[in-house]
Amino acid sequence: MKTVVKKEDAVKKVFKGVLLDSLAYGEKSQVTKMNYVVGNFASPHTHPHEQSGYVISGKYELVVDDEKYELTAGDSYSIPGNRTHSFRVLEAGEVVDVFTPPREDYM
């Protein structure tokens, strides 16, 4: 459990080609900041974690099941666990994601 994580203490990871900052996490949730560049793409996948996000900057295409969405700064989303989704970076930027429960593979 990390109650407070200062910016300079964020754990930097590369996961499937995406640079992410693993931030605060508790027993039931985790906050990450995704640092996307054009060309990053998460192919259709599922995971048991509920995932909610907020777009700080950039432009993205999110597909959940068969619904396609374009996301830009100020937009947010929530994907229930075990739902098929994909994420394509159209313009570089940053997204804050919250996962419930925490993703061990991001720590």
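Conventions we followed
- Residues numbered from 1 in each chain as written.
- Predicted model: local features only at pLDDT ≥ 70, side-chain atom pairs only at ≥ 80, totals over all residues.
- Heavy atoms only, no water.
- Core = buried A, V, L, I, M, F, W, Y, C linked by side-chain atoms within 4.5 Å.
- Buried < 20%, exposed > 50% of the residue type's maximum accessible area, 1.4 Å probe, protein only.
- Helix = DSSP H or I, 4+ residues; strand = E, 2+ residues; numbered from the N terminus.
- Contact = heavy atoms within 4.5 Å.
- Phe/Tyr/Trp six-rings, centres within 6.5 Å; stacked < 30°, edge-to-face > 60°.
- 1 Å grid on protein atoms, 1.4 Å probe; cavity = no way out; pocket = protein on both sides within 12 Å on 5 of 7 lines; lining within 4 Å.
- Points joined across faces, edges and corners; volume = space filled by probe spheres on them.

Visitor: Which parts of the structure should I look at to understand the nonpolar core?
Guide: The nonpolar side chains of a soluble globular protein tend to be buried with one another. Counting residues in each nonpolar core, the largest one holds 16 residues, and the members touching the most others are Tyr-36, Tyr-60, Phe-87 and Val-95. Broken down by secondary-structure element, the contributors of at least two residues to this core are strand E2 (18-25), strand E3 (30-36), strand E6 (59-64), strand E8 (76-79), strand E9 (85-91) and strand E10 (93-100). Residues in contact with Tyr-36, not counting those within four places in the same chain, are Val-18, Tyr-60, Phe-87, Val-89, Ala-92, Gly-93, Val-95 and Asp-97.

Visitor: Is there a simple way to think about the packing of aromatic side chains in this case?
Guide: Within a pair of aromatic rings, the relevant descriptors are the distance that separates the centres and the angle that separates the planes. The tally for this structure, following the rule as stated, stands at 6 aromatic pairs. Judged by centre distance (5.1 Å) and plane angle (25°), the rings of Tyr-60 and Phe-87 are stacked. Of this pair, Tyr-60 sits in strand E6 while Phe-87 is found in strand E9, placing the two residues 27 residues apart along the sequence. Residue classification places Tyr-60 among the buried positions, given a relative accessible area of 0%. Its relative accessible area of 8% is what places Phe-87 among the buried residues. Here the aromatic rings of Phe-99 and Tyr-106 are separated by 5.4 Å at their centres, their planes lie at 90°, and the arrangement is edge-to-face. By relative accessible area, Phe-99 is classed as buried at 1%. Residue Tyr-106 is classed as buried on the basis of its relative accessible area of 7%.

Visitor: Would you take a moment to explain the layout of surface pockets for this structure?
Guide: Gaps left between atoms show up when a probe the size of a water molecule is rolled over them. Its volume calculated, the largest pocket comes out at about 420 Å³. Phe-15, Lys-16, Ala-42, His-45 and Tyr-106 are, among the 22 residues lining the largest pocket, the residues nearest its centre. In terms of residue count, strand E4 (residues 41-45) provides more of the lining of the largest pocket than any other element does, 4 residues in total.

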